[in-house]
Amino acid sequence: MEQIGFLPPKAAVLSRRREIVADLADLLPEGCLVHEPRELVPFETDAFVSYRRVPLAVALPETTAQVAAVLKYCHRYAIPVVPRGAGTSLSGGAIPQEDAVVLGLSKMSRILEVDYANRTAIVQAGVTNLAISDAVSADGYFYAPDPSSQLACTIGGNIGMNSGGAHCLKYGVTTNNLLGVKLVLVDGTVVELGGKALDAPGLDLLGLVCGSEGQLGIVTEATVRLIAKPEGARPVLFGFDSSEEAGACVADIIAAGIIPVAIEFMDKPAIAICEAFAGAGYPSDVEALLIVEVEGSEAEMDDMLRSIIEIARRHGVRVVKESQSATQAALIWKGRKSAFGATGRIADYICMDGTVPLSQLPNVLRGTAEIIERHGLRVANVFHAGDGNMHPLILFDANDPDDAARAEEAGNEILKLCVDVGGCLTGEHGVGIEKRDLMRHQYAEADLAQQMAVRAAFDPQWILNPSKVFPLEGRPAA
Amino acid sequence: MSVIHDPLSEEAAARIILSAAAAGSPLQIRGGGTRTLAQAGGRDILSSANLSGIVAYNPAEMTMTARSGTPLEEIAAALEKHRQMLAFEPLDLRPVLGTGGIPTIGGVFATNASGARRFVAGAARDSLLGVRFVNGAGEIIKAGGRVMKNVTGLDLAKLLAGSRGTLAFLTEVTFRLLPVPEDAATIVVSGLNDAEAAAAMATAMSMTVEVSGAAHLPESVRGRVLGGRLPDGAATVLRLEGLAASVAVRAEKLSAAMASFGAVSVLDAGATAQLWREIRDVQPYADGTARPLWRVSVAPTVGHQLVAALRLETGVDAYYDWQGGLVWLRMEANPEAELVRRYIKALGGGHATLMRASAAAMATTPVLQPQAEAIAALSTRIKEKLDPAGLFPAGW
Ligand SMILES: Cc1cc2nc3c(=O)[nH]c(=O)nc-3n(C[C@H](O)[C@H](O)[C@H](O)COP(=O)(O)OP(=O)(O)OC[C@H]3O[C@@H](n4cnc5c(N)ncnc54)[C@H](O)[C@@H]3O)c2cc1C
C-alpha cells in the first residue's frame, strides 16, 4: 500500500533553517515562535494522525500585522506556510511539512464585537466555535454551525474547511453563516471581504475563500451571523430493524417537505460504542437509530413530531423515544456528539465524509458494508443523514501496517462509490491530504485545472498549504 | 450591428468562444436580456436562449438541474406542481427598469438576484449546488455537484454566482429547493418613522418567531403597494411563514410585542404574497420614469441612518428590505454617486449599485461600487484565469 505523499522539502529552505528562525524571531514578540525540536512535536499532525511531519518552525502571532509580516517574509523566500487553528482536521489539512512554517492562530482568540441589532459577531480567527455561542447564549443567541469538535476547533479552521455539523440541515454550513473576513494575502496585503452588509460588491471572493483549506490566504478575523435561539428544541429517537429502512425514512421525511433541525443516523456498532461511553439510553437491540430534532414552541414541536413519527411508522420503526426533558435531550445529543471520541477509545479509526443524494443512502450503506467485509474490517456508521453526509468510521489497528493499509484502501473505495452514485468525496471535512489523490475521480482534468488556476491567482508560487487538496502531479508551473 | 450567437449546445458555445478569441472580437453574455449589466459597447452577443430546459428535477431530494437559458417561469411552473420553490425569491426588475426580455435561471444566478428572504435564508449563491460553464478559453468546466454538502476543492460555483457575465458563460445550474410554506401572514405596524421602524425590526428579529421578511415602507411609499390598501401611515411589515397553526401562534406573539411600537394589523396569505412580491420587485419605483435608482446594501441598522443623512443634502425617497440592510433609494434628480458612497463609507461600509438612470447619467456614473485596490487587482487576476483573452467585459 502506498503512503500518501507530500511535496519533497525544498533543500534551499531546509539549509537556511537557523537563519529563518532568527528572522522570524525578529518579526514576532517573545513567546510567539516555537522552534525547539521537542516543542515542535505537538504540531506534527492533526486529527488525521496516521501522518506526521515535524515543521521547520511554528509562528503564533498575536495580531493581523504580525501575520502579515510573517507571510510577507515567507513569500519573499518562497517558504511554505501551513495555517493552523486547533489542528482537529480529519483530512490532514493542518499537517505541516519539514520545510514549512506553521502559522497558528491560537493566540488570536478574542471576540471583538457582538452586535445583536445586526445579529453579527466579529471574532478573531483563533476563537473556538463553541466560545462564540457561549458568549451570546445568555442573551438568547447562538452561532449555528456546530461541528462535533466545537469545543476545540476554531472559526478559522471552520472557514478553512467550510465545516458543518448536526444542526446544519436547517441553518446551513459555515459558508451560509459567514458575512465577512479579514484576510491576509500571501504577500502580506490585508484585505476585508464582506462585512455586516448582507452582500458584498464584485466577485464572491468570500465564497471562494470559505472552504479553501488555507490555500488562498490567512483569515485573521471573521464576521459571523448570530441567530436567535429557538423557543425550544426536542429530539426524538427512532430504532429500526435495518439500516435501509432508516435510510428510506430519512429520504421520506425530507420529501414530505418537513425540514427538521437535524437528522442523525447511527448503525448498530455506533450505537453500542456511543451507549457504552455516554449511557444515553439508546436501544441496544435495533440495527439503526435516527435522532430527529425539531424546534419551535411546544405546540409546533408536537405538530412536527406527530408528522415525523407517522412517516417513521410507515417504515416499520420499532422503538420511538421522545425526549421528556432538557436533561434527556442533552443526553441523547451527548451520545451522538461523542461518537468519534468514543470510537477512538476502542480502536483506531479513519472517518470518511462522502456525501450522496438522499435516495442513494440505503444503496451506499449496503455498498459500504460489502466493501468493509471484503477487506476484513469493521465499520461504525454515524452521520448527518438529512443532507446525505455519511461518516463511516473504519476501525483498524494502527500498529498493524497491513490493517492500516486495508483501512485506507477500503476508505478510498467507499468514497469512489459516493462519487459514482452522484455524490462527492467530502461534505465537510475537506480534502486535505487524505482525499487529494482521489480528486481526479470526481473532477475531469479541465475542471481541476480551472480550480488550480484560480488558486494560483491568489498564490502564484504555491506556498500556502501546498501539499493539500490538489494532486501533486499535473500542477501548473509556478 | 452586433451579431447574436445563440448556440444549441455547450460544444457550440465553446466553438463560438474560440473563434471570437481567434478573431479578437469581444463578447457580451446575455441571459433573458432583462437588464444590461455591463456596457455592451457594440460587442457580439452570446445568448443562452437556446440552452433551455429542465435537465433533472428530483422533488424528493429537493434539487433541480436546468440549462442556463431556461425561463424562470418554466421552472416556477414545474416547482408549483410539487409545492416547492426557490428559497431566495429571485426578483424581476423588468417593471422598474422598463425593460422586456424573459428572466432566465442562468441570469438569476449570474446576478445573484435575491429577494426578501435573503437575510434569513441566504442569497441565490447559497442555493447553488453546482454549475457547468464555458470559460473564455473555450473549455467546458464543471464545478460543484448536486448534493447539499460539498467541500471537494475550491467552490467555483460561488465564484460564478454573481459574476455578471464577466468570467464565463454559464450553461447549466443545479440548485436546491424548499417546500412552499403551508401558510403565511404579515404583521403590519403602522405609523413608525424610519428609526423607530429599525428598532421594531431588530426587536422582531431577536424573537423566536422566525420572521422571514422585514421591510419598512415610509409613508411616501406605503400607498404604492397592495393597491394602497395598507393602513394609513408608514408601514413596517414583518412576514411569517410555515404550518398554519404555527403561523397563527407566532403572529399572535409578534403582534403582542409589536403593539408597543405602533398600531398593529395583520395581512392574510394572499395579501402577503402580493405585498412581498411588490417589495421584492421594487414596484413602488416602477413609475415609468428614469429617475436614478440605487440598490444599497449596508448593515441592517445603518439603512435608515444613511437615508436620513442624504435627506439633509438632496432629494431622496427610499424604502427598506432585509431589516433595513437593503435600501432602494430613488433620487429626485441626479444620481449623486459620490455623495451616496461617501455616506455609506462613513457609516461603516457597504455598497451601492446604480440600477436605473437616464442614459446620460448611466454612461457617466460609476454604476458598480468601486472596490479597494487590492481586491480589484485580485479580481482581475482571477478573471485572467477564466478569461485569459479578456473576451468578456470586466466589471468591478
Ligand atoms: C472529534 C472530531 C469531531 C469532528 N466533527 C466535525 C463535524 O461534526 N463537522 C465538521 O465539519 N468537522 C468536524 N471535525 C473536523 C474538524 O474539527 C473541522 O474541520 C474544523 O473546522 C477544524 O478546525 P481547526 O481549528 O481544528 O482547524 P485545523 O485543523 O487547524 O485546520 C483546518 C484547515 O483550515 C486551515 N486553517 C486553519 N485556520 C486558518 C486560518 N485562520 N486561515 C486560513 N486557513 C486556516 C488549515 O490550514 C487546514 O487546512 C471533527 C474533528 C474531530 C477531531
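Residues numbered from 1 in each chain as written. Chains lettered and ligands numbered in written order. Predicted model: local features only at pLDDT ≥ 70, side-chain atom pairs only at ≥ 80, totals over all residues. Heavy atoms only, no water.

Within an unreviewed UniProt entry, the label attached to chain B reads Glycolate oxidase FAD binding subunit, and the organism entered is Mycoplana azooxidifex.

Per an unreviewed UniProt entry, chain A goes by Glycolate oxidase and derives from Mycoplana azooxidifex. Note on chain A: under the UniProt heading Cofactor (unreviewed entry), the record states "FAD". According to UniProt, the comment filed for chain A under the heading Sequence similarities (unreviewed entry) is "Belongs to the FAD-binding oxidoreductase/transferase type 4 family." (UniProt positions renumbered as here; feature names shortened; annotations may be inferred.)

What follows is about the pattern of salt bridges. One pass over the full model with this rule turns up 53 salt bridges over all chains. Ionic pairing is found between R306(A) and D303(A), a salt bridge with its closest N-O pair at 3.4 Å. Of the two residues, R306(A) and D303(A) both sit in helix α11 (residues 298-314), three residues apart, roughly one turn of that helix. Note on R306(A): relative accessible area 51%, which makes it exposed. We note a salt bridge from D155(B) to K158(B), for which the minimum N-O separation is 3.0 Å. (Salt bridge = Lys/Arg side-chain N within 4 Å of Asp/Glu carboxyl O. Helix = DSSP H or I, 4+ residues; strand = E, 2+ residues; numbered from the N terminus. Buried < 20%, exposed > 50% of the residue type's maximum accessible area, 1.4 Å probe, protein only.)

Looking now at the site of the ligand. Residues and elements named next belong to chain A. The ligand sits among 35 residues. The nearest are P83, G85, T88, S149 and T154. Within the backbone of G85, an N or O atom sits 2.7 Å from an oxygen atom of the ligand. Between an oxygen atom of the ligand and a main-chain N or O atom of G164, the distance comes to 3.0 Å. Look at the ligand: alone it shows 980 Å² of surface, and the protein chains cover 95% of it. No other element matches the five residues that helix α6 (residues 155-161) contributes to the shell around the ligand. Residues that form the shell around the ligand fall into these classes: 13 nonpolar, 19 polar and three charged. (Near = heavy atom within 4 Å. Polar contact = N/O pair within 3.5 Å; in protein donor to acceptor, adjacent residues only side chain to side chain. Areas by Shrake-Rupley, 256 points an atom, 1.4 Å probe, with all protein chains shown as cover. Nonpolar A, V, L, I, M, F, W, Y, C, P; charged D, E, K, R; others polar.)

All names here are of chain A. Domain assignment breaks chain A into domain 1 (111-228), domain 2 (233-340) and domain 3 (347-420). On a C-alpha basis, the centroid separation for the pair domain 1 and domain 2 is 29 Å. Domain 1 puts nine residues into the contact, and the matching count from domain 2 is twelve residues. Interface area for domain 1 against domain 2, summed over the two sides, is near 860 Å², with a carbon-plus-sulfur share of 55%. The tally of links from domain 1 across to domain 2 stands at two salt bridges. In this structure, D146 and K337 form a salt bridge, with 3.1 Å as the shortest nitrogen-oxygen distance. Linking domain 1 to domain 2 there are five residue pairs in polar contact (both at pLDDT 80 or more). The class makeup of the residues in the side of domain 1 that touches domain 2 is four nonpolar, three polar and two charged. (Domains from an automatic or database assignment. Contact = heavy atoms within 4.5 Å. Buried area = accessible area lost by both parts, 1.4 Å probe.)

Contact residues are listed per partner, giving 67 residues for chain B and 82 residues for chain A. For the pair chain B and chain A, the summed buried area comes to about 5,900 Å², and 58% of that belongs to carbon and sulfur atoms. Interface area lost by chain B to chain A is led by K149(B), V151(B) and L154(B), which between them contribute 15%. A salt bridge links E300(A) to R250(B); the nearest nitrogen and oxygen atoms lie 3.5 Å apart. Here chain B is connected to chain A by 29 residue pairs in polar contact (both at pLDDT 80 or more). Of all the elements, helix α15 (residues 373-386) of chain B adds the most residues to the side of chain B that touches chain A, at eight residues.

A separate point is helix α2 (residues 17-27) of chain A. Residues and elements named next belong to chain A. Turning to α2, its buried residues are I20, V21 and L24. Buried positions in α2, seen along its axis, are confined to an arc of 100 degrees and lie on one side of it. Of the exposed residues in α2, the ones pointing more than 90 degrees away from its buried face are R18 and D26. Against the buried residues of α2 lie α1 (11-14), β1 (33-34), β2 (57-59), α4 (64-76) and β4 (101-104). (Arc of directions from axis to C-beta.)

Now for the UniProt feature "domain: FAD-binding PCMH-type" (unreviewed entry) in chain A. According to UniProt, the positions carrying the feature "domain: FAD-binding PCMH-type" (unreviewed entry) are residues 51-229 of chain A. The span residues 51-229 of chain A shows a helical share of 21% and a strand share of 25%, and its end C-alpha atoms are spaced 40 Å apart.

To continue, consider the sheet that holds strand β1 (residues 4-5) of chain B. Residues and elements named next belong to chain B. With respect to topology, three strands assemble into an open sheet ordered β1-β3-β2, the strand pairing being parallel. A single partner strand is all that each edge strand has here, and the edge strands are β1 and β2 (27-30). Across two bridges, β1 lies against strand β3 (residues 44-47) in parallel orientation. Its bridge partner lying in β3, H5 is registered against L46. (Pairing = 2+ DSSP bridges.)

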